[in-house]
Amino acid sequence: MKYLVVGGGGREHAIAASLARDETAGLAAVMATRNPGIAPLADAVLLAPETDVPRVVRFAVESGSDLAVIGPEAPLEAGLADALAEAGIPAFGPTRAAARIETDKAWARALMTRHGIPGCPEYGIFTDPDEAVRFIRDHPGELAVKPVGLTGGKGVRITGEQVDREGACAYARELGGPVVVEERLEGEEFTLQAFVDGAHLAPMPLVQDHKRAFEGDQGPNTGGMGSYSMPDHGLPFVTEQDSEAALGIMADVVRAMTAEGAPFCGILYGQFMNTAAAGPMVIEFNARFGDPEAMNVLTLLESDLGEIAWRCVDGNVSPSAVTFEEAATVCKYLVPEGYPEAPVPSAPIRLGDPGPARLYYANVEERGGRLWTLRSRTLAFVGTGATLEEAEGAAERAASGVTGPVRYRHDIGTQALLEKRRAHMRAIR
Ligand code: AMP
Ligand code: GLY
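This text gives an overview of the structure that appears in the document. Quantities reported herein were computed from a predicted structural model and do not represent experimental measurements.

### Here we look at the site of ligand 2
Item 1. Close contacts around ligand 2 come from Asp-209, Gly-223, Tyr-269, Asn-286, Arg-288, Gly-290, Asp-291, Pro-292 and Glu-293, and that covers them all.
Item 2. Between ligand 2 and the protein, one listed contact pairs an oxygen atom with a backbone N or O atom of Asp-291 at 3.0 Å.
Item 3. When isolated, ligand 2 has an accessible area of 200 Å², and the protein chains bury 90% of it.
Item 4. Across the shell around ligand 2, the residue classes break down as two nonpolar, three polar and four charged.

### Topic: the site of ligand 1
Item 1. Lining the immediate surroundings of ligand 1 are 15 residues, of which Lys-146, Glu-182, Leu-185, Glu-189 and Glu-284 lie closest.
Item 2. Here an oxygen atom of ligand 1 and a side-chain polar atom of Glu-284 are 2.6 Å apart.
Item 3. Protein contacts shield 95% of the accessible area of ligand 1, which totals 470 Å² for the unbound molecule.
Item 4. For the shell around ligand 1, the elements supplying multiple residues, two or more each, are β7 (143-147), β9 (179-183) and β17 (279-286).
Item 5. Of the residues belonging to the shell around ligand 1, the class tally is six nonpolar, one polar and eight charged.

### Focus on the packing of aromatic side chains
Item 1. In total, this model carries four aromatic pairs according to the counting rule given.
Item 2. Measuring from ring centre to ring centre gives 5.1 Å for Phe-126 and Phe-135, while their planes differ by 50°; the resulting arrangement is tilted.
Item 3. Judged by its relative accessible area of 9%, Phe-126 is buried.
Item 4. Judged by relative accessible area, which is 23%, Phe-135 ranks as partly exposed.
Item 5. Arranged with centres 6.1 Å apart and planes meeting at 90°, the rings of Phe-195 and Phe-289 form a pair that is edge-to-face. With Phe-195 in strand β10 (residues 187-197) and Phe-289 in the loop between β17 and α10 (293-300), the pair connects residues that are 94 residues apart, well separated along the chain.
Item 6. Take Phe-195: its relative accessible area is 0%, and that puts it in the buried class.
Item 7. Taken together through their ring pairs, the aromatic side chains of Phe-92, Phe-195 and Phe-289 make up a single cluster.
Item 8. One residue, Arg-157, lies across the ring of Tyr-171, its end atom 4.3 Å from the ring centre.
Item 9. The side chain of Arg-367 reaches across the aromatic face of Trp-372, ending 4.4 Å from its centre.

### Some words on unusual backbone geometry
Item 1. Cis peptide bonds are those with omega within 30 degrees of zero, and the linkage from Tyr-339 to Pro-340 qualifies with 5°.
Item 2. Positive phi, normally seen in glycine, also occurs at Asp-217, with a value near 55°.
Item 3. Looking at the element boundaries, Asp-217 is found in the loop between β13 (212-214) and β14 (218-221).
Item 4. For Ser-346, which is not glycine, the phi torsion reads 50° and is therefore positive.

### As for the pattern of salt bridges
Close approach of charged atoms lets side chains of opposite charge pair.
Item 1. According to the stated counting rule, one finds 28 salt bridges in the structure shown.
Item 2. A salt bridge links Lys-211 to Asp-209, with the shortest nitrogen-to-oxygen separation between them at 4.0 Å.
Item 3. Residue Asp-217 pairs with Arg-421 through a salt bridge whose shortest N-O separation is 2.8 Å. A residue pair is termed long-range when its members are at least 10 positions apart, and Asp-217 in the loop between β13 and β14 and Arg-421 in helix α13 (residues 415-428) qualify at 204 residues.
Item 4. Salt bridges linked by common partners bring Glu-188, Asp-217, Arg-409, Asp-411 and Arg-421 together as one network.

Conventions we followed
- Residues numbered from 1 in each chain as written.
- Chains lettered and ligands numbered in written order.
- Predicted model: local features only at pLDDT ≥ 70, side-chain atom pairs only at ≥ 80, totals over all residues.
- Heavy atoms only, no water.
- Near = heavy atom within 4 Å.
- Polar contact = N/O pair within 3.5 Å; in protein donor to acceptor, adjacent residues only side chain to side chain.
- Areas by Shrake-Rupley, 256 points an atom, 1.4 Å probe, with all protein chains shown as cover.
- Nonpolar A, V, L, I, M, F, W, Y, C, P; charged D, E, K, R; others polar.
- Helix = DSSP H or I, 4+ residues; strand = E, 2+ residues; numbered from the N terminus.
- Phe/Tyr/Trp six-rings, centres within 6.5 Å; stacked < 30°, edge-to-face > 60°.
- Buried < 20%, exposed > 50% of the residue type's maximum accessible area, 1.4 Å probe, protein only.
- Lys NZ or Arg CZ within 6 Å of the ring centre and 35° of its normal.
- Salt bridge = Lys/Arg side-chain N within 4 Å of Asp/Glu carboxyl O.

Here is the structure:
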């Protein structure tokens, strides 16, 4: 069996490492820059933009790949899954039409409305910036303003947080159209990912990501600075009822997409805000694993990822086919100094002893026997343990051993941060 892994980040290193646990499986890999963790696992590597669909399809055929696992959203939007299927290679990742659940936020919100799916905040979709501005000025509460398309998690402006009301109006004008303006949700965020075969969902452990660049959730939004998960696969500020409601919303979305002729095969990622009054509300959906969240869940996955991918493609995935180790995980991403706004590019770094933590490479190059940073997230360490404390200790010790102009958030996965999350939820509930 040969798998094609598409993408060259930490998420894709975790995907490749999971697939490679089946020693009979071969790997081919396509990525924009040579990921030093993925390349040694692959028999064939294509260095090319993952969105160059004809080139990737040619490589898939030439490398004898049987199934493609697509990591990032951009090739999904470019129709890579559709083109591979036409060439006779099934993709574990949605078609362009189904990827709209992520790539078109206006469509995703409207789908929820058309099918009466709970968890949708009040929203408006505007193609005329003047109308968006009128809505923003007239709306009594705080708002979030976002472009409808992909922004790597960095395109949102929230009133009362990053901008005032006039700033939100200016941002809506700057975006032009179409823009989504929605009610600002208050609570604690969590991620629920599920394997989906068009009809059935097999959920993964809940994860909490940390979007802000600096400790204490300060600074600009990033692709995600790190994440943690708990031994019981839940989160202390999410009740069982909340997580069932979140999974129910995702199952409703899967049903709605099939009903609209765009069945979803791949990883459905729900970003939820756990609110006081209404429980989990949808911030957005993604059509792929989260990065960093993939590193948490794939480190725990006991079942064979390749087999799960085949089950999804064949329409017979079920929760009983997907099991995870009952351990805590903490993932800490190291990023170049100045990331995300003005990252110091191309600087040498040196790894220390990672101890028991797993190392996943991301946007980093190996040159002349050394590692060099690039402009995006560099590499991540995932600690595991019977307790969150143990997992955090392992990730922290590994991360602190890296020297060079990189930084990371020391607070991710700490007891103090967890207590803050719990207290916030107690205060609002
Ligand atoms: P997105 O690109 O939609 O994932 O948004 C990035 C981040 O902005 C989210 O992780 C949230 O922290 C925040 N955000 C987005 N939409 C809302 C909302 N309606 N209310 C509050 N925060 C939001
Ligand atoms: N960690 C957020 C994302 O992958 O979109």
